[in-house]
Amino acid sequence: MKYRIRENSFWARVAAKWLRSEKMAMVLGKTIHLHNTTCEEFLGNRRWLRHELAHIRQFRQLGFLNFLWQYMVESFRVGYQKNRFEVEARAAEWDVNLDSYVFVPGKHQLKASIPPFPTGMSAPRHQHKVTPPAH
Ligand SMILES: [Zn+2]
């Protein structure tokens with residue numbers, strides 16, 4: 001499975017405001033949208049990366065619109081924390097199967113050096129914050 005990353009994303013900025021999170025990563029289809037963080041920082045945080053890759057897997061499993069719809073319904077009914085897609089993505093932060101996903105850099109990202117994953121599991125501090133139910 002291949003994925004792309006878009007920095008300075010409009011949609012990630014909207015989501016960051018919504019969730020009142022300083023930094024934000026969100027997934028649309030096979031693209032991870034970032035706000036106020038860089039490719040390097042994001043890719044260097046393995047748990048954060050896996051969390052978002054799990055959402056890519058969910059998009060793939062359910063189909064683009066179907067997933068968006070179900071995600072919204074779920075968020076509306078049980079909130080962000082208990083949203084089953086978020087519960088699954090949080091569990092997937094330890095799912096090594098997701099490490100096989102391949103990052104396809106954009107033209108401007110080709111020169112960016114991607115640091116190797118750290119061996120330790122650093123806590124995803126910049127995970128989307130857990131205040132209001134949304135995202
Ligand atoms: Zn999530």
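Residue positions within a chain follow its written sequence, with the count starting from 1. For a predicted model such as this one, the threshold for reporting local features is a pLDDT of at least 70, and the threshold for listing and counting side-chain atom pairs is 80 or more; totals across whole chains, interfaces and linings nevertheless cover every residue.

(A) Quick peek at the pairing of strand β1 (residues 2–6). At least two bridges found by DSSP between two strands is the condition for calling them paired. For helices the rule is a DSSP run of H or I covering at least 4 residues; for strands it is a run of E covering at least 2, with both sets numbered from the N terminus onward. Judged from the two bridges that link them, β1 and strand β4 (residues 102–103) form a sheet pairing that is parallel. Within β4, the position partnered with Tyr3 by the bridge is Phe103. Direction of pairing for β1 relative to strand β3 (residues 31–35): parallel, over a ladder of three bridges. Bridged to Arg6 within β3 is His33.

(B) Here's a closer look at the packing of helix α3 (residues 46–62) against helix α4 (residues 64–82). The convention used is that axes are lines fitted to C-alpha atoms, helices contributing only their stretch in contact, and that angles between N-to-C directions extend from 0 to 180 degrees. Contact pair α3 / α4: the axes reach a minimum separation of 6 Å and the direction vectors enclose 115 degrees. Here the hand of the crossing between α3 and α4 comes out right-handed. Here α3 contributes Gln58, Phe59 and Leu62 to the contact with α4, which in turn contributes Phe64, Asn66, Phe67 and Gln70. Helix crossings are classified by the rotation of the near helix relative to the far one: an anticlockwise turn of less than a right angle makes the crossing left-handed, while a clockwise turn makes it right-handed. Once C-beta atoms have been placed from the backbone, residue pairs whose C-beta atoms lie within 7 Å are recorded as contacts.

(C) Quick peek at the nonpolar core. Ranked by size, the top nonpolar core spans 20 residues in total, and within it Ala12 and Ala25 carry the most contacts. Filtering out sequence-adjacent residues up to four positions away, Ala25 remains in contact with Ala12, Ile32, His33, Leu34, Thr37, Phe42, Trp48 and Glu52. Among buried residues, those of type Ala, Val, Leu, Ile, Met, Phe, Trp, Tyr and Cys that are joined through C-beta atoms within 7 Å form a set called a nonpolar core. Three classes are used. A residue is buried when 20 or more other C-beta atoms lie within 10 Å of its own, exposed when 12 or fewer do, and partly exposed in between, with C-beta atoms placed from the backbone.

(D) The pairing of β3, seen in detail. Across the five residues of β3, four count as buried, placing the element largely inside the fold. Bridge analysis of strand β2 (residues 24–28) against β3 gives five bridges, and the strand direction is antiparallel. If you follow Leu28 over to β3, its bridge partner there is Thr31. Between β2 and β3, which pair antiparallel and follow one another directly, the connecting turn spans two residues, one of which, Gly29, has a positive phi of 70 degrees.

(E) Up close: the sheet that holds β2. Strand order in the open sheet formed by four strands is β2-β3-β1-β4, with mixed pairing between adjacent strands. Of all the strands in the sheet, just β2 and β4 have a single pairing partner and so form its edges. Each of β2 and β3 touches helix α1 (residues 10–19); the most contacted strand, β2, lies at about 125 degrees to it. Here α3 sits on the sheet in contact with β1, β2 and β3, set at roughly 20 degrees to β2.

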